[in-house]
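Secondary and tertiary structure notes
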Amino acid sequence: MQAVTTNELFKIYESNYFPMEWVTPIVVPKKNEIFLGEKYSADVYLAGGSQTNKYLVILNNDTLKYSNDSICPIYEETPTTKGEKILIGTIQVYHPGLKSNFKYNFTTKYIVK
């Protein structure tokens, strides 16, 4: 397999998908706590985005905001009840070349103890 530079990756991706100016690794553990002897497992992704073509995130019918220095919106919530919390959302990305929006639905959950 041939290694590709970040700039080459941007050009390949932009020509087929969306403009990107940054790329970052993201590690999502299957569980945040494990027992001694238990196997740790995580999904590892490469994510990218654009400061000039920011994507829209709608989470539980609320549009997330970008802070001035943020490359992505951050969701924060202080739960008032215990139990499982389910977040349902959509990420919308505009493709300037195709003059079209692409929507990606997602669901995530966490438990308040």
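An account of the accompanying structure is given in this report. (Residues numbered from 1 in each chain as written. Predicted model: local features only at pLDDT ≥ 70, side-chain atom pairs only at ≥ 80, totals over all residues. Heavy atoms only, no water.)

Brief notes about the packing of aromatic side chains
Inspection of every chain in the model, using the stated rule, returns one aromatic pair. Relative to Y66, the ring of Y55 lies with its centre 6.1 Å away and its plane at 70°, an arrangement referred to as edge-to-face. Here Y55 is found in the loop between strand 2 (42–49) and strand 3 (56–59), whereas its partner Y66 is found in the loop between strand 4 (62–63) and strand 5 (83–95), with 11 residues between them in sequence. Judged by relative accessible area, which is 18%, Y55 ranks as buried. (Phe/Tyr/Trp six-rings, centres within 6.5 Å; stacked < 30°, edge-to-face > 60°. Helix = DSSP H or I, 4+ residues; strand = E, 2+ residues; numbered from the N terminus. Buried < 20%, exposed > 50% of the residue type's maximum accessible area, 1.4 Å probe, protein only.)

Quick look at the side chain of T90
In this structure, T90 sits in strand 5. Judged by relative accessible area, T90 falls into the buried class, the value being 16%. Sequence-distant contacts of T90, defined by excluding residues within four places in its chain, comprise L56, V57, I58, K103, Y104, N105 and F106. (Contact = heavy atoms within 4.5 Å.)

What to know about the pairing of strand 3
Where burial is concerned, the two faces of strand 3 differ: the one with V57 and L59 is buried and the one with L56 and I58 is not. The pairing of strand 3 with strand 5 spans four bridges and is antiparallel. Bridging across to strand 5, I58 finds its partner in T90. Between strand 3 and strand 4, which pair antiparallel in sequence order, lie two residues; one of them, N60, sits at a positive phi of approximately 50°. (Pairing = 2+ DSSP bridges.)

A few points about unusual backbone geometry
Within the chain, N60 stands out as a residue other than glycine whose phi angle is a positive 50°. The topology assignment puts N60 in the loop between strand 3 and strand 4. The residue N61 is not glycine, and still its phi comes out positive at about 65°. Inspection of the secondary structure puts N61 in the loop between strand 3 and strand 4. Relative accessible area serves as the criterion here: at 80%, N61 is assigned to the exposed category.

Description of the pattern of salt bridges
Scanning the entire structure with this criterion turns up three salt bridges. Ionic pairing is found between E38 and K31, a salt bridge with its closest N-O pair at 2.2 Å. A salt bridge links K109 to E84; the nearest nitrogen and oxygen atoms lie 3.5 Å apart. Linking K109 in strand 6 (residues 100–112) with E84 in strand 5, this pair joins segments that are 25 residues apart in sequence. Judged by its relative accessible area of 45%, E84 is partly exposed. (Salt bridge = Lys/Arg side-chain N within 4 Å of Asp/Glu carboxyl O.)

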